[in-house]
Amino acid sequence: MEKRHLGRTGLQVSRLGLGTMTWGRDTDEQEAAEQLKEFVDAGGNLVDTADVYADGGAEYLISRLTDNLIPRSELVIATKAGSAPESARRFDGSRGHLLAALDASLRRLGTDHVDLWQVHSFDPGTPVEETLSALDIAVSSGRARYVGVCDFSGWQLAKAATWQYAHHGRVPLAGAQLEYSLLQRGIEREALPAARDAGVGVLAGSPLGRGVLTGKYRHGIPQDSRGASPYLTGFVQPYLGERSRRIVDALATAADGLASTPLEVALAWVRDRPGVASALVGARTVVQLQAALSVEALTLPDEIRGALDDISSPVHHYPDQGWTEL
């Protein structure tokens, strides 16, 4: 699998990453082991997790698998901190919370460092310079090699990246994890231009539109799907409307013309967008992961890419970049 530099850093990540949001909850250890082995055998190295996935269970699973299955040195382990599900504030970007969460992640992961440590979301209740100081401490102490942010808006990302570059001794942001798919192109308004301008590599989350772009929901909600899961039904539901149906239908037509699948076409579209370093795929089963990994051989023709661009194009209102409507 092709590797790409994450932003303006020397860190190389596979252009498909393995997401672990369901590990330790819907995906058990045996299934996770099969997925990780399949992913590494295909040339993948980026494994993305978070301290809140299965309440830490996903990190613990990664620890068991790196002990017994895949050498730690072969993986780029990325985790996140900042979510506070038991707190009224929901996200806690304070230095104390973040560093305590990092230490807890390292214990669960069974490692002395993570390759990429990310702030899970912007916390309006904490000065951003305090949040970013935790990232500097993590790198200077050896607990993280590179740092990034998740789900920051355009102005938030630009401010954070500029703060890090403007002060000597601070660690530049390497990556920004943002949801990006044919069903969710909102980052193209401000966040993606900000990332590209700052030299921050984008890790595209939910590149299959939370599973909807596989086409599995065209005729209902399968019982074994995320849409039927008590944990994830609310995650899928926003992408089951009329606009999504039009895009999925066009995607299916494009896939037929390429003798491919909607999954492969949707994933190739995101993977090769300017600014994207890696598209993160979270599979429930190894069969689903194998289907995603098969996209490595696919490059979309310009005319197909253009048609998909047109049907899924977001509306840019003033003062968005390239705005077309007031």
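Everything below is about the structure printed above this text.
Heads up: these notes are all about the structure in this document. Worth saying up front: this structure is predicted, and the values here are computed from it rather than measured. (Residues numbered from 1 in each chain as written. Predicted model: local features only at pLDDT ≥ 70, side-chain atom pairs only at ≥ 80, totals over all residues. Heavy atoms only, no water.)

Now for the nonpolar core. Judged by nonpolar contacts, the single largest core of 87 residues is most densely connected at Trp23, Leu36, Trp117 and Leu173. Counting residues per element, this core draws most heavily on helix H9 (residues 262–271), which supplies seven residues. With residues near it in sequence (within four places) discarded, Leu36 still touches Leu18, Trp23, Val47, Leu65, Ile70 and Leu75. Core analysis: the next-biggest nonpolar cluster, separate from the first, contains 11 residues, Ala78, Ala174, Leu203 and Leu280 among them. (Core = buried A, V, L, I, M, F, W, Y, C linked by side-chain atoms within 4.5 Å. Buried < 20%, exposed > 50% of the residue type's maximum accessible area, 1.4 Å probe, protein only. Helix = DSSP H or I, 4+ residues; strand = E, 2+ residues; numbered from the N terminus. Contact = heavy atoms within 4.5 Å.)

Taken as a whole and judged by the stated rule, the model has one cavity of 30 Å³ or more. The calculated volume of the largest cavity comes to roughly 30 Å³. Lining the largest cavity, in full, are Val119, Ser121, Phe122, Asp123, Thr126, Pro127, Val128, Thr131 and Phe152. When the residues that make up the lining of the largest cavity are grouped by side-chain class, the tally is five nonpolar, three polar and one charged. (1 Å grid on protein atoms, 1.4 Å probe; cavity = no way out; pocket = protein on both sides within 12 Å on 5 of 7 lines; lining within 4 Å. Points joined across faces, edges and corners; volume = space filled by probe spheres on them. Nonpolar A, V, L, I, M, F, W, Y, C, P; charged D, E, K, R; others polar.)

Note: strands within a sheet are paired through backbone hydrogen bonds, in either parallel or antiparallel orientation. One closed barrel holds the eight strands; their spatial order is E3-E4-E5-E8-E9-E10-E11-E12, and the pairing between them is parallel. Each strand axis lies, on average, 30° off the axis of its neighbour in the sheet, ignoring direction. The strands touched by helix H4 (residues 128–140) are strand E8 (114–119) and strand E9 (144–150); relative to E9, the strand with the most contacts, the crossing angle is about 160°. (Pairing = 2+ DSSP bridges. Axes fitted to C-alpha atoms, helices over the stretch in contact; angles between N-to-C directions.)

This structure, assessed with the given rule, holds 24 salt bridges. Between Glu188 and Arg273 there is a salt bridge, with the nearest N and O atoms lying 3.3 Å from each other. Here Glu188, found in the loop between strand E10 (175–179) and helix H6 (191–198), pairs with Arg273, found in the loop between H9 and strand E12 (276–281); they are 85 residues apart in sequence, far enough to count as distant. Here Glu188 and Arg273 have matching classes, each one buried. Through salt bridges that share partners, Glu2, Arg4, Arg15, Arg271, Asp272, Glu296 and Arg305 make up one connected network. (Salt bridge = Lys/Arg side-chain N within 4 Å of Asp/Glu carboxyl O.)

What follows is about helix H10 (residues 286–293). Among all positions in H10, only Val286, Leu289, Ala292 and Leu293 are buried. Projected down its long axis, H10 carries its buried residues within an arc of 115°, all on one side. As for H10, its buried residues are in contact with strand E3 (16–19), helix H1 (29–41), H9 and E12. (Arc of directions from axis to C-beta.)

There is about 180 Å³ of room inside the second largest pocket. The wall of the second largest pocket is formed by 13 residues, among which Val212, Tyr217, Arg218, Leu240 and Arg245 lie closest to the centre.

Once that is clear, we can look at unusual backbone geometry. In this structure, the amide linkage connecting Tyr318 to the following residue, Pro319, adopts the cis form with an omega of 0°. Looking at the element boundaries, Pro319 is found in the segment after helix H11 (302–312). For Asp55, which is not a glycine, the phi torsion comes out positive at approximately 55°. Note that Asp55 resides in the loop between strand E4 (46–48) and helix H2 (57–68). The phi dihedral of Asp151 is positive, around 55°, even though this residue is not glycine. Relative to the assigned elements, Asp151 resides in the loop between E9 and helix H5 (154–166). With relative accessibility at 48%, the residue Asp151 sits in the partly exposed group.

Looking now at H5. The end-to-end C-alpha separation of H5 is 18 Å, in line with the 18 Å expected for 13 residues at 1.5 Å each. Every buried residue belonging to H5 is among Gly154, Gln156, Leu157, Ala160, Ala161 and Gln164, and all of these are buried. If you follow the buried residues of H5, they end up packed against H4, E9, E10 and H6. (Expected span 1.5 Å × (residues − 1).)

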